[in-house]
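# Residue-level structural notes
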Amino acid sequence: MAIKDIQEEILRLKKEKDICILAHCYQSPEILEIADFTGDSFALSVSASKVENKTVIMCGVRFMAETCKILSPEKTVILSNADAGCPMAEMMDKETISEVKELYPEHTVVAYINTTSELKTVCDVCVTSSSALKICKKLDSDKILFIPDCNLGDWISKQLPEKEFKLLNGGCPTHARMSAADVKKAKEAHPNALFLVHPECKPEVVSLADYVGSTTGIMDYAKKSEAKEFIIGTENSIVTHLQLECPEKRFYPLSKDCICHNMKATTLVDVLNCCKGTGGEVIELDEETRLGAKRCIDKMIELG
């Protein structure tokens, strides 16, 4: 089957079976084209919670599907590819952080949304890359244990010197691949380009950026900017998406190695099989875990 034929069959089946399809920005263009909602992980889950569809397919990674289930327990939530995990979300577990909390009892535990639902149950509040600064600033506590991404935590801590941050050694291996040497090489090749970077990158990379922000933030900045050239310091699919949306501008990847293999695990045929009822994995969460994780997310919504 041609890509167009597969897409048309997915569109037919999702209408017939009342399915809502969510696709993270890092997915391929052919998947984004058949999705009902595209964007960052938490925004997708919020969108899914507001629709009437009883079945939701998440084209992303496991923690995103779990977040969707946390907010929409009455819906059937399907992870399009069962092998699509997130190394950062899986770096730390409930037991480890519970032990760390005992060492720092006065610290408020701030969890990046890129964590498992189980880990969220022992944290105080969640944040996204776009809301982290605002929420950490609003916290009554001046002592923060930020998990799991030490790079995002470092970026936040430098903007809130009045607060004490404890960071653990965790983060996104995809973004951590990029170095200051990559930035130097890219700027030498494209001297007129602005450098836009995700805060999951190393501090040495972030410090060289013209703009630091979430995936959606980077895309919005590039679309609205009067500049014509950009070096993109996040997952390389964003370069492709921006090229398609802004053909009059030029976009360059910071590194050809900035590829999330977990995000790339999902294929258009995976989505087709989910619609047929022969693929994907239905996400199940026990109610105690779901409510414990939801408390953490609710606090984020309250503050953010």
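As a reminder, the structure under discussion sits directly above these lines.
Here we summarise the structure given alongside this text. Just so you know, these numbers come straight off a predicted model, no measurement behind them.

This next bit is on the overall build of the chain. Scanning the chain from N- to C-terminus turns up 15 helices and 13 strands. What you see for the chain is a C-alpha radius of gyration of 19 Å, in line with the 19 Å of a compact globule of 304 residues. Projected onto its principal axes, the C-alpha coordinates of the chain cover approximately 55 × 55 × 30 Å. The buried share of the chain, reckoned over its 304 residues, is 56%. Taking the intrachain contacts of the chain between residues at least 6 apart in sequence as the baseline, contacts between residues at least 24 apart amount to 61%. For the chain, the accessible area works out to roughly 13,500 Å², and carbon and sulfur atoms hold 49% of it. Computed over 37 positive and 47 negative side-chain charges, the separation of the two mean positions in the chain equals 4 Å.

Before going further, it helps to examine the nonpolar core. The biggest cluster of nonpolar side chains holds 87 residues, and the ones touching the most others in it are Ile147 and Ile232. Per element, the largest residue contribution to this core is 6 residues, and it comes from helix α4 (residues 62-71). In this structure, Ile232 is in contact with Leu196, Ile218, Ile238, Val239, Leu242, Phe251, Tyr252, Pro253 and Leu254, ignoring residues within four places of it in sequence. Judged by nonpolar contacts, the second largest core, of 18 residues, contains Leu13, Ile31, Leu32 and Ile57.

Along the chain, Ile147 connects to Pro148 via a cis peptide bond; the corresponding omega equals -10°. With respect to the element layout, Pro148 can be found in the loop between β7 (143-147) and α8 (150-159). With a phi angle near 55°, Asp18 is a residue other than glycine that sits in the positive phi range. Of note, Asp18 is situated in the loop between α1 (3-16) and β1 (19-24). Using a relative accessible area of 37% as the deciding quantity, one classes Asp18 as partly exposed.

Turning to helix α12 (residues 215-224), a few remarks are in order. Here α12 has its buried residues at Thr215, Gly217, Ile218, Met219 and Ala222. Where α12 is buried, its residues touch β9 (194-197), β10 (211-212), β11 (229-233), α13 (237-245) and β12 (250-253).

As a further point, take the sheet that holds strand β8 (residues 164-167). Overall, parallel pairing links the 4 strands, which are arranged β6-β5-β7-β8 in an open sheet. The outermost strands of the open sheet, each flanked by one partner alone, are β6 (125-127) and β8. On average, adjacent strands in this sheet sit at an angle of 30° to one another, irrespective of strand direction. Two strands pair when backbone bridges link them, and strand β5 (residues 108-112) and β7 are joined in this way by 4 bridges, in the parallel orientation. Within β7, the position partnered with Val110 by the bridge is Phe146. The strands touched by α8 are β5, β7 and β8; relative to β8, the strand with the most contacts, the crossing angle is about 170°.

The next subject is the layout of surface pockets. Volume-wise, the largest pocket comes out at about 460 Å³. Taken together, 32 residues line the largest pocket, and the ones lying closest to its centre are His24, Met64, Tyr112, Asn114 and Glu200. Taken together, the residues of the lining of the largest pocket sort by class into 15 nonpolar, 13 polar and 4 charged. Looking at the second largest pocket, the residues that line it are Asp182, Lys185, Ala186, Ala189, His190, Tyr252, Pro253, Leu254, Ser255, Lys256 and Asp257.

Let us now look at the packing of aromatic side chains. This model, assessed by the stated rule, comprises 2 aromatic pairs. Taken together, a centroid distance of 4.5 Å and an interplanar angle of 20° make the contact between Tyr211 and Tyr221 stacked. Linking Tyr211 in strand β10 with Tyr221 in helix α12, this pair joins segments that are 10 residues apart in sequence. For Tyr211, a relative accessible area of 23% translates into the label partly exposed. Tyr221 gets classed as partly exposed once you look at its relative accessible area, which sits at 29%.

A few words now on the side chain of Thr174. Note that Thr174 resides in helix α9 (residues 173-176). With residues up to four places along the chain from it excluded, the contact list for Thr174 reads Cys258, Ile259 and Cys260.

About the thresholds
- Residues numbered from 1 in each chain as written.
- Predicted model: local features only at pLDDT ≥ 70, side-chain atom pairs only at ≥ 80, totals over all residues.
- Heavy atoms only, no water.
- Helix = DSSP H or I, 4+ residues; strand = E, 2+ residues; numbered from the N terminus.
- Rg over C-alpha atoms; globule rule 2.2 N^0.38 Å.
- Buried < 20%, exposed > 50% of the residue type's maximum accessible area, 1.4 Å probe, protein only.
- Contact = heavy atoms within 4.5 Å.
- Areas by Shrake-Rupley, 256 points an atom, 1.4 Å probe, with all protein chains shown as cover.
- Lys, Arg positive; Asp, Glu negative; His and termini not counted.
- Charge placed at Lys NZ, Arg CZ, Asp CG, Glu CD.
- Core = buried A, V, L, I, M, F, W, Y, C linked by side-chain atoms within 4.5 Å.
- Pairing = 2+ DSSP bridges.
- Axes fitted to C-alpha atoms, helices over the stretch in contact; angles between N-to-C directions.
- 1 Å grid on protein atoms, 1.4 Å probe; cavity = no way out; pocket = protein on both sides within 12 Å on 5 of 7 lines; lining within 4 Å.
- Points joined across faces, edges and corners; volume = space filled by probe spheres on them.
- Nonpolar A, V, L, I, M, F, W, Y, C, P; charged D, E, K, R; others polar.
- Phe/Tyr/Trp six-rings, centres within 6.5 Å; stacked < 30°, edge-to-face > 60°.

What is shown is where atoms sit, not what they do.
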